[in-house]
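# Descriptive structure summary
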Amino acid sequence: MIHNDLLQIKARELAGRKKITLRCCMAAGCMSSGARSVKEQLDKAVAEAGLQDQVEVRGVGCMKLCCEGPLVQADPQNALYIKVTPENAPSLVAALQGGKTGVAQTDPDAAFFKRQLFIVLANSGVIDPERIESYIAADGYEALHEVLNEMAPKDVVAVMVQSGLRGRGGAGFPTGLKWGTVAKSPGAKKYVICNADEGDPGAFMDRSVLESDPHCVLEGMAIAAYAVGADQGFIYVRAEYPLAISRLQIAIKQAKQMGLLGASIFESPFSFNVDLRIGAGAFVCGEETALMASVEGKRGTPRPRPPFPAESGLWGSPTLINNVETFANVPPIYRRGAEWFAGIGAGKSKGTKVFALAGKIKNTGLIEVPMGTPLSAIVEEMGGGAPNGGQIKAVQTGGPSGGCIPARHLDTPVDYESLGKLGSIMGSGGMIVMDDQTNMVEIARFFMEFCMDESCGKCAPCRAGTVQMHHLLDKIIRRQATASDLAKLEELCDMVKNTSLCGLGQTAPNPTLSTLRFFRHEYEELLQADFAGPPGSGDLNHQRAPAAT
Amino acid sequence: MIATVARKKQGRLSAALDHASGDKRFKILEAHMKKLQFRQDALIEMLHKAQELFGCLEDDLLLFVASKLKLPPSRVYGVATFYHFFTLKPQGRHTCVVCMGTACYVKGADKILAAIEEQTKIKPGETTPDNQVSLLTARCIGACGIAPAVVYDSVVTPRQTAGAAVDQIRKWGQHDS
């Protein structure tokens, strides 16, 4: 494969384009609403109408508005059909020729789409994720070619530093700095790992990116590998995402066949292989040291840092670990330049962020907005507010490691620092909207139960602390707790936060702490007066009192 | 004493290998392991394959994997029990997985689960006594846009209600009787 081959594939693909395209969303959300048979029926209807030469029916990745699926978009008509059923197919094809169709449409220029800015999701819903030619036609693998032929590894790192990209997995560590550290670490063998263990409940950005544009992630990994001097990559995907796994397998196979992965890529001395590792359902494996243990085929328990993976990671070698969305940002940065990327966003948070908008909100789905967009714009303008006339009460970001942001703080811009100030985190991008019917104490207990179950058991503060905190929250909900229980809960939160080994334990108290901070009255309403609980409520002082007298 | 324990262990392993010789699925599993070059770090991949072939990971199977990879059985057992995806008990004919992710939860997944528990009289992680239905919960299946979601026999079904879930489970009972 040389650059000319790439250009030829692109030219052939573009020349083969037909006058009209019908794009069918084939991501997991729409698939579960019957998108596959919609596509089959559309293919059939096009054939029956004798329009094969003019109409292309293309299965594409996520088209973002998941709640209205299955989605079909007709171009150049710019018509976005929603909730399409297989029976609708003939009328949709008739509509292409000026006929009428009864299928509901939504405005593709509505605020939900208009306020988005696509970098990571630029190809999502446009290209066919199962054909590498479709990605190449969208300038795919151009960035890799340029990097391999015109840049030294240290320049590649310098561009990344300049772009200001920060890790999209949640903590927001500067990506360029991480690449630089791995590049400088001595070692003959180095690894690149893509963390696709999206365990945060309520988040599906990584799944959508992998299902919609797997080659973009592979290209990003290859560029990173060249920058740090690695020749082996691993993608660690959750077993819960079968469609993402199969599309990755297809993508890796195609890239290998074309010589875009493997030995001497673009006839340079650079070689890079990628293997898939399938997770087996452990939330803690999203933590980097636990993830590496799992890649090595062991129990996924974290270990203390330092040494950081950048110095001693997989099998003791320097290892670069980045999240799916971080890698997906890489090819556009090298295609369009670091200045372009650094010009988007606000303050120290550059570029865009993909969020999975879900919960009690009208428009659920995938959104990508520039950093610094106010939460209210996302929730009210794009999301359309709470359904059925409800009132939005809070927005939860960061999953079990994040917090609840109350409605009165909705003017907060989304960037790492602003969310941190409110006791939440950016997280990987799950955004769950809660309305006035949601009980915040129950939400805190829900997340604590999650952390309790997912604690790996290695360190005592997290193993025992989460159980005790869950017990206390449960007691509060059962209206059997007193003010001293609440004080105990706060003390435990502080202790677990400061003494746990890994990120899971350190952030497990966050949902409880943030609901305590903003919705304390909900806790207090559930409290009993001290020493007034029913006999045997578990309060030690209460039980001892009669014996002493 | 030590000798007896060692012999006993030896006995169990050879029994497991004997058992393996008569079952085609062990051959398929071994071929898969060979493809992965019997690499010890691919243990999780091999356990996935084993569970796919056998439905669950019973002791014999774990011993077989351990001996083929030259790993201590404790290590294989440790990994198999650490990850939620692996099950050591056989599953029922049908599986019903209720997603308990945050989006599904705020949209009433807990009520769906309660209704199914009431209908089947089992708790998550259990199988009905007639071996028809296994009830499971998932942390999040990433289908938050169409919450609440339930997976019936690996088909993700969007926007479920307690009534719809109970109907589906009742339907399974009728088809099989």
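For every chain, the first residue of its written sequence is number 1, and the numbers climb from 1 along that sequence. Key to labels: chains lettered from A, ligands numbered from 1, both in the order written. Totals for whole chains, interfaces and linings use all residues, but because this is a predicted model, local features are given only for residues with pLDDT of at least 70 and pairs of side-chain atoms are given and counted only at 80 or more.

This brings us to the overall build of chain A. Runs of E in the DSSP output that reach at least two residues are strands. Runs of H or I that reach at least four are helices, and both are numbered from the N terminus. When its secondary structure is counted, chain A shows 24 helices and 16 strands. What you see for chain A is a C-alpha radius of gyration of 25 Å, in line with the 24 Å of a compact globule of 549 residues. Projected onto the principal axes, the alpha-carbon positions of chain A cover approximately 95 × 65 × 40 Å. Relative to its 549 residues, chain A shows a buried fraction of 54%. Counting contacts in chain A only where the partners sit at least 6 residues apart, residues at least 24 apart contribute 74% of the total. With C-alpha atoms as the basis for the radius of gyration, the globule rule is written as 2.2 Å multiplied by the number of residues raised to the power 0.38. Partly exposed residues are those falling between the two cut-offs: more than 12 but fewer than 20 other C-beta atoms within 10 Å of their own, whereas 20 or more means buried and 12 or fewer means exposed, with C-beta atoms placed from the backbone. Distance between backbone-placed C-beta atoms decides contact: two residues are in contact if it is within 7 Å.

Turning our eyes to something else, we now look at the overall build of chain B. For chain B, the count of helices and strands is eight helices and four strands. In chain B, the succession of helices and strands from N to C terminus is α-α-α-α-α-β-α-α-β-β-β-α. The buried share of chain B, taken over its 177 residues, is 37%. Long-range pairs, those at least 24 residues apart, make up 63% of the contacts in chain B between residues at least 6 apart in sequence.

Before going further, it helps to examine helix H9 (residues 175–184) of chain A. Since the α-helix packs 3.6 residues into each turn, any two residues three or four apart lie on the same face. Residue and element names in this part refer to chain A. Along H9, the positions that sit buried rather than exposed are Thr175, Gly176, Lys178, Trp179, Val182 and Ala183. For H9, the angular spread of the buried residues around the axis is 160°, confining them to a single face. Packed against the buried residues of H9 are helix H8 (153–163), helix H11 (214–228), strand E9 (319–323) and helix H14 (324–336). Relevant arc is that of directions from the helix axis to the C-beta atoms, nothing else.

On to the interface of chain A and chain B. Contact with chain A, which involves 39 residues of that partner, is made by 32 residues of chain B. Throughout this entry, Asp, Glu, Lys and Arg are counted as charged residues, while Ala, Val, Leu, Ile, Met, Phe, Trp, Tyr, Cys and Pro are counted as nonpolar. The remaining residues, Gly among them, count as polar. Looking at the side of chain A that touches chain B residue by residue, the class counts come to 16 nonpolar, 16 polar and seven charged.

Our focus in this paragraph is the nonpolar core. Core analysis: the biggest nonpolar cluster contains 219 residues, and Ile193(A), Ile223(A), Ala224(A) and Cys99(B) have the highest contact counts within it. Per-element tally for this core: the top contributor is H11(A), with 11 residues. Nonpolar core, as used here: buried Ala, Val, Leu, Ile, Met, Phe, Trp, Tyr and Cys residues forming one set through C-beta atoms within 7 Å.

Turning to unusual backbone geometry, a few remarks are in order. Residue Gly69(A) is joined to Pro70(A) through a cis peptide bond whose omega torsion reads -5°. Position of Pro70(A) among the secondary structure elements: in the loop between strand E2 (55–60) and strand E3 (72–75). You will see that Arg479(A), though not glycine, has its phi angle at about 60°, which is positive. Relative to the helices and strands, Arg479(A) resides in the loop between helix H19 (460–477) and helix H20 (483–499). A positive phi is found at Ser154(B), a non-glycine position, where the angle reads about 60°. Tracing the sequence through the fold places Ser154(B) in the loop between strand E3 (150–152) and strand E4 (155–157). The class for Ser154(B) is exposed, based on 8 C-beta atoms found within 10 Å.

Judged from the four bridges that link them, strand E14 (residues 392–397) of chain A and strand E15 (residues 403–406) of chain A form a sheet pairing that is antiparallel. Looking at E15(A), one finds that Thr397(A) is bridged to Gly403(A). The pairing criterion is simple: DSSP has to find at least two bridges between the two strands.

All names here are of chain A. Domains are outlined according to an automatic or database domain assignment. According to the domain assignment, chain A consists of domain 1 (19–108), domain 2 (132–342), domain 3 (349–432) and domain 4 (441–525). Relative placement of domain 2 and domain 4: their C-alpha centres are 34 Å apart. In this complex, domain 2 contributes nine residues to the contact, which on the side of domain 4 involves eight residues. Broken down by class, the residue content of the side of domain 2 that touches domain 4 amounts to six nonpolar, two polar and one charged.

Moving on, we come to the environment of Ala138(A). Residues and elements named next belong to chain A. Note that Ala138 resides in the loop between helix H6 (132–137) and helix H7 (142–150). You can call Ala138 partly exposed: it has 17 C-beta atoms within 10 Å. Each C-alpha atom, one on Ala138 and one on Asn123, is 7.6 Å from the other, the two residues being 15 residues apart in sequence. Non-local contacts of Ala138, meaning those with residues more than four positions away in its chain, are made with Asn123 and Ile127.

In this structure, Ser264(A) sits in the loop between helix H12 (242–257) and strand E8 (273–278). Separated by 263 residues in the primary sequence, Ser264(A) and Met1(A) have C-alpha atoms spaced 9.5 Å apart.

Residues and elements named next belong to chain A. Only the contacting stretch of a helix is used when fitting its axis, a line to C-alpha atoms as for every element, and angles between N-to-C directions run 0 to 180 degrees. Running from amino to carboxyl end, H7 crosses H14 at an angle of 65°, the nearest separation of the two axes being 8 Å. Here the hand of the crossing between H7 and H14 comes out left-handed. Seen from H7, the contacting residues are Glu142, Ala143, Glu146 and Val147; seen from H14, they are Pro331, Tyr334 and Arg335. Residues belonging to the contact of H7 with H14 are distributed by class as follows: four nonpolar, no polar and three charged. Helix crossings fall into two classes, left-handed where the near helix is turned counterclockwise from the far one by less than a right angle and right-handed where it is turned clockwise.

Our next topic: H8(A). All names here are of chain A. Among the residues of H8, Val156, Val157, Val159, Met160 and Ser163 are the ones counted as buried. Taken around the axis of H8, the buried residues stretch over an arc of 155°, which confines them to a single face. Every exposed residue of H8 that faces more than 90 degrees away from the buried side is listed here: Lys154 and Asp155. Considering only its buried residues, H8 is in contact with H7, H9, H11, H14, helix H15 (338–342) and strand E11 (349–350). Downstream of H8 by a residue or two, Gly164 has a phi angle that is positive, lying close to 75°.

To continue, consider the environment of Ser401(A). Residue and element names in this part refer to chain A. Of note, Ser401 is situated in the loop between E14 and E15. Looking at Ser401, the number of C-beta atoms within 10 Å reads 25, which means it is buried. On a C-alpha basis, the gap between Ser401 and Ser294 in space is 21 Å, while along the polypeptide they are 107 residues apart. Beyond its immediate chain neighbours, meaning those up to four positions away, Ser401 contacts Gly170, Ile425, Gly427, Gly503, Thr507 and Asn510.

A few words on the sheet that holds strand E13 (residues 365–370) of chain A. Residue and element names in this part refer to chain A. Here we have five strands laid out as an open sheet, ordered E13-E12-E16-E14-E15, and mixed in their pairing. In this open sheet, the two edge strands, each paired with only one partner strand, are E13 and E15. Looking at each pair of strands side by side, their axes are set apart by 30° on average, direction ignored. Bridge count for E14 against strand E16 (residues 430–435) is five bridges, and the pairing is antiparallel. Bridging from a neighbouring strand, Ala394 pairs with Met434 of E16.

Here the focus is the confidence of the model for chain B. Residue and element names in this part refer to chain B. Residue-level confidence of the predictor, termed pLDDT, takes values from 0 up to 100. In this model, chain B carries a mean pLDDT of 88, and residues with pLDDT of at least 70 account for 89%. Ranking the elements of chain B by mean pLDDT puts helix H1 (residues 2–21) last, at 62, and helix H5 (residues 73–82) first, at 96. Across the whole predicted complex the pTM is 0.92, and at the interface the ipTM reaches 0.87.

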